[in-house]
Amino acid sequence: MNRIYMDNAATTRVTEPVMEAMAPYFCEIYGNPSSVHSYGRESRKAIETARRQVAQALGAQAGEIYFTGCGTESDNWAIRGAAYARKSKGRHIITSQIEHHAVLHTCAQLEKEGFEVTYLPVDEYGIVHPDSLEKAMRDDTVLVTIMAANNEIGTIQPIEELAKIAHSHGCLFHTDAVQAIGSIPFDVNAMGIDMLSLSGHKFHSPKGIGALYVKNGVKIERLMQGGAQERTQRPGTENLASIVGLGKAIELATQDIPSHNAALCALRDRLIDRILTEIPETRLNGHRSQRLPGNVNISFRYIEGESLLLSLDIKGIAASSGSACTSGSLDPSHVLLAIGLPHEIAHGSLRLSLSEENTLEEADFVVESLKQIVDRLRAMSPLYNAK
Ligand code: PLP
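Cut-offs applied
- Within each chain, residues carry numbers counting from 1 in the order of the written sequence.
- In view of the model being predicted, local features appear only for residues whose pLDDT reaches at least 70, and side-chain atom pairs are presented and counted only at 80 or more, with totals across whole chains, interfaces and linings using the full set of residues.
- As a rule here, side-chain values cover all heavy atoms of the structure and leave hydrogens and water aside.
- As used here, the term nonpolar core means buried Ala, Val, Leu, Ile, Met, Phe, Trp, Tyr and Cys residues forming a set that is joined through side-chain atoms within 4.5 Å.
- Buried means the residue's accessible area, taken with a 1.4 Å probe over protein chains only, is under 20% of the maximum for its type, while exposed means over 50%, and partly exposed covers the values in between.
- Contacts between residues were defined by any pair of non-hydrogen atoms, one from each residue, lying within 4.5 Å.
- By convention in this text, a residue qualifies as near a molecule or strand provided that one of its non-hydrogen atoms is within 4 Å of it.
- Side-chain atoms alone can form a polar contact between residues adjacent in sequence; in general such a contact is a pair of N or O atoms within 3.5 Å, and within protein one must be able to donate a hydrogen while the other accepts it.
- Each accessible area is a Shrake-Rupley result for a 1.4 Å probe, and residues are judged covered by the shown protein chains and nothing else.
- Secondary structure elements are taken from DSSP: a helix is a run of H or I of four residues or more, a strand is a run of E of two residues or more, and numbering for both begins at the N terminus.
- Paired strands, in this sense, are two strands between which DSSP finds at least two bridges.
- Axis definition: a line fitted to C-alpha atoms, limited for helices to the stretch in contact. Angles are taken between N-to-C directions and run from 0 to 180 degrees.
- The cut-offs work like this: below 35 degrees is roughly parallel, past 145 is roughly antiparallel, 65 to 115 is roughly perpendicular, and the gaps in between are oblique.
- A clockwise turn of the near helix away from the far one marks a right-handed crossing, whereas an anticlockwise turn of less than a right angle marks a left-handed crossing.
- Amino acids outside the nonpolar list (Ala, Val, Leu, Ile, Met, Phe, Trp, Tyr, Cys, Pro) and the charged list (Asp, Glu, Lys, Arg) are all regarded as polar, and Gly is one of them.
- For this analysis, a salt bridge means a side-chain nitrogen from Lys or Arg found within 4 Å of a carboxyl oxygen belonging to Asp or Glu.
- Helix span is expected to be 1.5 Å times the residue number reduced by one.
- Stacked, tilted and edge-to-face pairs are distinguished by plane angle, under 30 degrees for stacked and over 60 for edge-to-face with tilted covering the rest, among Phe, Tyr and Trp rings (Trp via its six-membered ring) whose centres lie within 6.5 Å.
- Charge over a ring is defined by NZ of Lys or CZ of Arg lying within 6 Å of the ring centre and within 35 degrees of the ring normal.

Draft legend 1. Broad picture of the nonpolar core. In terms of nonpolar packing, the biggest core is built from 66 residues, with Leu 58, Phe 186, Leu 196 and Leu 198 touching the most fellow members. Once residues within four sequence positions are removed from consideration, Leu 58 is found in contact with Ile 65, Ile 181, Phe 186, Asp 187, Val 188, Leu 196, Leu 198 and Tyr 213.

Draft legend 2. Focus on the site of the ligand. Contacts to the ligand come from 13 residues, most closely from Thr 72, Asp 176, Gln 179, Ser 199 and Lys 202. His 201 places a side-chain nitrogen or oxygen 3.0 Å from an oxygen atom of the ligand. The separation between an oxygen atom of the ligand and a polar side-chain atom of Lys 202 is 2.6 Å. The protein chains hide 91% of the 390 Å² of surface that the ligand would expose on its own. Here the element with the most residues in the shell around the ligand is helix H4 (residues 71-85); it accounts for 3 residues.

Draft legend 3. How the structure looks around the environment of Val 218. Mapped onto the fold, Val 218 is located in the loop between strand S8 (210-214) and helix H9 (240-254). Residue classification places Val 218 among the buried residues on the basis of a relative accessible area of 16%. The residues contacting Val 218, other than those within four sequence positions of it, are Leu 172 and Asp 194.

Draft legend 4. Main features of the sheet that holds strand S9 (residues 282-284). Reading across from one edge, S9-S10-S12 is the order of the 3 strands in this open sheet, with antiparallel pairing throughout. Every other strand in the sheet has two partners, leaving S9 and strand S12 (349-353) as the edge strands with one partner each. Shown here is a sheet whose adjacent strand axes are inclined to one another by a mean of 25°, direction ignored. On the sheet, helix H10 (residues 257-278) packs against S9, strand S10 (295-300) and S12 and is oriented at approximately 10° with respect to S10.

Draft legend 5. Structural context of the packing of helix H11 (residues 305-314) against helix H14 (residues 360-379). Between H11 and H14, the shortest axis-to-axis distance is 10 Å and the interhelical angle comes to 130°. When the interaxial angle is binned, H11 and H14 end up oblique. Handedness of the H11/H14 crossing: right-handed. Side by side, H11 and H14 meet where Ser 307, Leu 308, Ser 311 and Leu 312 of the first sit next to Leu 370, Ile 373, Val 374, Arg 376 and Leu 377 of the second. Its residues assigned to classes, the contact of H11 with H14 shows 6 nonpolar, 2 polar and 1 charged.

Draft legend 6. Just the environment of Leu 198, in detail. The residue Leu 198 is located in strand S7 (residues 195-199) in this model. Exposure remark for Leu 198: the relative accessible area of 1% places this residue in the buried category. Along the primary structure Leu 198 and Ala 177 are separated by 21 residues, whereas in three dimensions their C-alpha atoms are 5.5 Å apart. Discounting residues that sit within four places of it in the chain, Leu 198 has contacts with Val 54, Leu 58, Cys 70, Gly 71, Ser 74, Val 178, Ile 181, Phe 203, Gly 210, Ala 211, Leu 246 and Ile 250.

Draft legend 7. The side chain of Gln 179, seen in detail. Its location among the elements puts Gln 179 in the loop between strand S6 (172-176) and helix H8 (188-191). Excluding residues within four positions of it along the chain, Gln 179 makes contact with Ala 9, Ala 149, Asn 150, Asn 151, Lys 202 and Leu 292.

Draft legend 8. Highlighting the side chain of Ser 242. One can find Ser 242 in helix H9. In this structure, Ser 242 is in contact with Met 22, Pro 206 and Ile 209, ignoring residues within four places of it in sequence.

Draft legend 9. View of the pattern of salt bridges. Under the defined criterion, the tally for this structure stands at 20 salt bridges. Ionic pairing is found between Arg 351 and Asp 7, a salt bridge with its closest N-O pair at 3.3 Å. Of this pair, Arg 351 sits in strand S12 while Asp 7 sits in the loop between strand S1 (4-5) and helix H1 (16-22), placing them 344 residues apart in sequence. Judged on exposure class, the residue Arg 351 and its partner Asp 7 are both buried. The partner of Glu 230 in a salt bridge is Arg 51, with the nearest N and O atoms 2.9 Å apart. A residue pair is termed long-range when its members are at least 10 positions apart, and Glu 230 in the loop between S8 and H9 and Arg 51 in helix H3 (residues 38-58) qualify at 179 residues. Considered together, Glu 230 and Arg 51 belong to a single accessibility category, that of buried residues. In this structure, a network of salt bridges that share partners links the residues Arg 270, Arg 274, Glu 278, Asp 364, Glu 368 and Lys 371.

Draft legend 10. The arrangement of H3 in detail. For H3, built from 21 residues, the straight-helix expectation of 30 Å at 1.5 Å per residue is met to within 8% by its first-to-last C-alpha distance of 31 Å. Those residues of H3 that fall on the buried side of the exposure criterion are Gly 40, Ser 43, Ala 46, Ile 47, Ala 50, Arg 51, Gln 53, Val 54, Ala 55, Ala 57 and Leu 58. Those residues of H3 that are buried lie in contact with helix H2 (24-27), strand S2 (65-68), H8, S7, S8 and H9.

Draft legend 11. Spatial organisation of the packing of aromatic side chains. By the definition in use, this model includes 4 aromatic pairs. Judged by centre distance (5.3 Å) and plane angle (70°), the rings of Tyr 302 and Tyr 384 are edge-to-face. Taken as a pair, Tyr 302 in the loop between S10 and H11 and Tyr 384 in helix H15 (residues 382-386) lie far apart in primary sequence, 82 residues in all. Under the relative-accessibility criterion, Tyr 302 is labelled partly exposed at 24%. On the basis of relative accessibility, which here comes to 24%, the residue Tyr 384 falls in the partly exposed class. In this arrangement the basic side chain of Arg 231 is found over the ring face of Tyr 66, its NZ or CZ atom lying 4.1 Å from the centre.

Draft legend 12. Layout of the pairing of S12. Counting buried positions along S12 yields 5 of 5 residues, so the element is predominantly enclosed. Burial along S12 is two-sided: Ser 349, Arg 351 and Ser 353 facing one way and Leu 350 and Leu 352 facing the other are all buried. In terms of strand pairing, S10 meets S12 through 5 bridges, oriented antiparallel. Within the sheet, the bridge partner assigned to Asn 295 lies in S12 and is Ser 353.

Have a look at this one:
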């Protein structure tokens, strides 16, 4: 059976050019980057090349990039690091209700430590409105953290406007850009971003490698104690091969964003249009155009998302019913509830997340499969039959 992978927001395939770039850094070039000998120097050089590649992709300087273990670590470090460093100025943080748990749970932990957090609501499309941020700003607000694009419904936030408001109150602005790299062009200076988190496995580098951009002059506390790696700010021997992979992958992901987006939007819109017109009682979650080019999120009334996923899996189609990190829990997605969906509709939603490797034929096969599955599941649904 040919399988179809449409769960790229959960993770992506490591592509061949990325593998090739990484390959020498296991058995041939393996020195500890902190060692002074030639083995170490070779490794150090590769890390600095990757740092420049990440910096270039963001419009940053190499000295503003720190490698981390994942997007979650980058979010934790940015938020906790900034909160601790600025606590004498104030203890209030602003975020949104639809952030990833890497941000929400970090904020919840800070609340236990005596910080106050405002969770901004979003509109029916998942957009954080700049006026609601303006209203929430206080004299003791020290940090605003709003994601660039949502992992479940793909909504893209007005980051520049939000950052401007944070700055007008003397506040730092952090964005979780884990889902946005390769889809949104970043220029951290022009956009007013003080800190940005990213994660390699969302754009074809391996899992377990991330980076944090911290603008020159912005002081954040380090979270771990140890050696002098990453200019003493993030101790631990570097994940050399993965850092090389991340550098190559971000270079490839950001070299031609417009044509990448055009191809993905065509596929995405075909899926959305066909599902909404050919399957009754469906709704699109998120904004129609202000959304990631690879994101499709649709609710099917009278259907349980998990049954849909299992039936798709039997046909070899990999999708998701929410964020991969929360699947396994039966609670409806906090993102779908925040945009106002009732529990029963939130439960019946499906996320298809595309990569440039998906084809039109695959999209059509997925629609045909969905039509059959939805018909079958609805035929068994007492609620559907009683309506
Ligand atoms: N932030 C967002 C928006 C994400 O989608 C994810 C992962 O799905 C993360 C953070 C966490 O990244 P990682 O899996 O690298 O820890």
